[in-house]
Amino acid sequence: MNRTRAYLVKRIIKEPLLQFLLLGAGVFAVDGFLNGGEVIADPHTIVVERDKLHAYLQYRSKVFDTDQIDRYLAELTQDQLNAIVSEYVQEEALYREARYLQLDQADYVTRLRLIQQLEFITRGFMDATSGDISDEAITSYYNEHNETYRVAPRVTFTHVFFNRDKRGKEEARRAAVSTLERLNGEHIRFDQAPSLGDRFYYSVNYAKVEPDVIMSHFGEAMWQQINTLSPSDSRWYGPFDSLYGYHVVMLTHKEESYLPPLNEIHARVEADARRDLQERQYNQAIRDIVSAYKVKLDLDPLDKGGRDTD
């Protein structure tokens, strides 16, 4: 664990002094976790010092900005401060009692908690020290992940539905064909058409919906058929087969899929690129910690053939 602590301190002192001050308190708080806490002169006396209360608030609020914690403390009323001190004292008393009972010895939950604390500090350090990301890095991220930002196609349509379960497959199809001829022959508007069919399970009119909506309501085959249509405010198409029956469709509007230029979504791409950078830095930091240790395998030979239990 000393090597782990030394690794973190080494990483921090490579950063500018301001960043060191920003996270110093958090790192030294982790020191206590990693080494089982300080040696307490009087185990039955809890001394509430500002530094300890400071570290307590950092972990509770998950904020490692020292100045922010200072401002928070300064704005507290006396009653609010007393309440926080009471919470800290309770936590410290329970922690000491648990250690007295040796609950921290060979306890897997405690082990995981320590690991989580170290991961949390490492991730917080990466978040705080990543700084501004360059325009070149943002552009590169956009080029590598541009499909993530692609806007899906959207369509606006209305439909007349003929229920397969209610009418039977052949009758539903015949009714759809007959209604299609009437709709186009009599130039029936979209707002007059729904009464000619059966009640659909979802909506009759769909405005600027994406493929996912259509596929969830009608099935993939329906979307594939609608996607081949050309918009028209006077022509009906079909019949199209869906999960539930047949449909006659009027498609009035269609927007093709497109990739927005970077300048239109710059803020979103910048935020994603920064998170990606922080995640990569965090993963590298964890790999660096692990690589500082030698690994020796001392496993019994595996009996791949199985053991005779007779």
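Higher on the page you've got the structure.
For clarity, every value in this text was computed on a predicted model and none was experimentally measured.

### A closer look at the overall build of the protein
- Looking only at helices and strands, the protein has 12 helices and four strands in total.
- For the protein, the proportion of its 310 residues judged to be buried stands at 32%.
- Within the protein, contacts between residues separated by at least 24 positions form 74% of all contacts whose residues are at least 6 apart in sequence.
- Accessible area for the protein stands at about 20,300 Å²; split by element, carbon and sulfur atoms hold 51% of it.

### Focus on the nonpolar core
- Counting residues in hydrophobic clusters, the biggest one holds 16 residues, and the most contacted among them are Val155, Phe157, Ile214, Phe218, Met222 and Ile226.
- Those elements that place two or more of their residues in this core are strand E1 (154-163), strand E2 (205-209), helix H10 (211-218), helix H11 (220-226), strand E3 (237-241) and strand E4 (245-255).
- Look past the residues within four positions of Phe157 in its chain and what remains in contact with it is Val204, Asn205, Tyr206, Val209, Ile214, Phe218, Ile226, Val249, Met250 and Leu251.

### Here we look at the pairing of E3
- Relative to E4, E3 runs antiparallel, the two sharing three bridges. Note that in E4 the partner of Tyr237 across the bridge is Val249.
- Between the antiparallel neighbours E3 and E4 lie three residues.

### So, the packing of aromatic side chains
- In this structure the tally under the stated criterion is 12 aromatic pairs.
- Members of the aromatic cluster, connected to one another through ring pairs, are Phe157, Phe161, Phe200, Tyr201, Tyr202, Tyr206, Phe218 and Tyr244.
- Note that Arg123 overlies the ring of Tyr282, its terminal NZ or CZ placed 3.8 Å from the centroid.
- Note that Arg164 overlies the ring of Tyr246, its terminal NZ or CZ placed 5.9 Å from the centroid.

### Looking at unusual backbone geometry
- In the segment running from Gly238 into Pro239, the intervening peptide bond is cis, with an omega of -10°.
- The phi angle at His187 is positive, at roughly 55°, despite the residue not being glycine.

### Section: the side chain of Thr158
- Note that Thr158 resides in strand E1.
- Judged by its relative accessible area of 4%, Thr158 is buried.
- Of note is the side chain of Thr158, whose polar atom sits 3.4 Å from the backbone oxygen of Val204.
- For Thr158, the residues in contact, after removing those within four places along its chain, are Phe190, Val204, Asn205, Trp236, Val248, Val249 and Met250.

### Here's the deal with the packing of helix H7 (residues 135-144) against helix H12 (residues 266-291)
- Contact pair H7 / H12: the axes reach a minimum separation of 9 Å and the direction vectors enclose 95°. With respect to their mutual orientation, H7 and H12 come out roughly perpendicular. Within the contact between the two elements, H7 uses Asp135, Ile138, Tyr141 and Tyr142 and H12 uses His266, Val269, Glu270, Asp272, Ala273 and Asp276.
- Here the residues of the contact of H7 with H12 sort into five nonpolar, one polar and four charged.

### A word on the packing of helix H3 (residues 50-61) against helix H5 (residues 78-100)
- Packing of H3 against H5 leaves a shortest axis separation of 11 Å and a crossing angle of 85°. It follows from the interaxial angle that H3 and H5 lie roughly perpendicular. Counting all contacts with H3, which are made through Lys52, Leu53, Tyr56, Leu57 and Arg60, the residues of H5 involved are Leu81, Ile84, Val85, Glu87, Tyr88 and Glu91.
- Considered class by class, the residues forming the contact of H3 with H5 number seven nonpolar, no polar and four charged.

### Remarks on the pattern of salt bridges
- Counted under the stated rule, the structure contains 13 salt bridges.
- A salt bridge links Asp241 to Arg164, with the nearest nitrogen and oxygen atoms 2.6 Å apart. Pair noted here: Asp241 is in strand E3 and Arg164 is in helix H8 (residues 164-167), with a separation of 77 residues, a long-range link.
- For the salt bridge of Arg275 with Asp272, the shortest nitrogen-to-oxygen distance reads 2.3 Å.

### What to know about the environment of Ser203
- Residue position: Ser203 is located in the loop between helix H9 (169-185) and E2.
- Using a relative accessible area of 31% as the deciding quantity, one classes Ser203 as partly exposed.
- Residues Ser203 and His217, spaced 14 residues apart in sequence, show a C-alpha to C-alpha distance of 8.7 Å.

### Details of H9
- The terminal C-alpha atoms of H9 lie 24 Å apart, and with 17 residues this matches the ideal 24 Å at 1.5 Å per residue to within 8%.
- Among the residues of H9, those classed as buried are Ala172, Ala175, Ala176, Thr179, Leu180 and Leu183. Down the axis of H9, the smallest arc covering the buried residues is 140°, so these residues share one side. Exposed side chains of H9 directed beyond 90 degrees from the buried face belong to Arg174, Glu181 and Gly185.
- Contacts made by the buried residues of H9 are with E1, H8, E3 and E4.
- At the C-terminal side of H9, His187 shows a positive phi close to 55°.

### Section: the sheet that holds E4
- Read across the sheet, four strands follow the order E2-E1-E4-E3 without closing on themselves; strand pairing throughout is antiparallel. Every interior strand has two partners, whereas the edge strands, E2 and E3, have only one. Averaged over all neighbouring strand pairs, the angle between strand axes comes to 35°, with direction disregarded.
- Where E1 lies against E4, 10 bridges are found, and the strand directions are antiparallel. Residue pairing in the sheet places Phe161 in a bridge with His247 of E4.
- The strands that H9 touches are E1, E3 and E4; relative to E4, the one it contacts most, it runs at about 45°.

Thresholds, definitions, all that
Residues numbered from 1 in each chain as written. Predicted model: local features only at pLDDT ≥ 70, side-chain atom pairs only at ≥ 80, totals over all residues. Heavy atoms only, no water. Helix = DSSP H or I, 4+ residues; strand = E, 2+ residues; numbered from the N terminus. Buried < 20%, exposed > 50% of the residue type's maximum accessible area, 1.4 Å probe, protein only. Contact = heavy atoms within 4.5 Å. Areas by Shrake-Rupley, 256 points an atom, 1.4 Å probe, with all protein chains shown as cover. Core = buried A, V, L, I, M, F, W, Y, C linked by side-chain atoms within 4.5 Å. Pairing = 2+ DSSP bridges. Phe/Tyr/Trp six-rings, centres within 6.5 Å; stacked < 30°, edge-to-face > 60°. Lys NZ or Arg CZ within 6 Å of the ring centre and 35° of its normal. Polar contact = N/O pair within 3.5 Å; in protein donor to acceptor, adjacent residues only side chain to side chain. Axes fitted to C-alpha atoms, helices over the stretch in contact; angles between N-to-C directions. Parallel < 35°, antiparallel > 145°, perpendicular 65-115°, else oblique. Nonpolar A, V, L, I, M, F, W, Y, C, P; charged D, E, K, R; others polar. Salt bridge = Lys/Arg side-chain N within 4 Å of Asp/Glu carboxyl O. Expected span 1.5 Å × (residues − 1). Arc of directions from axis to C-beta.

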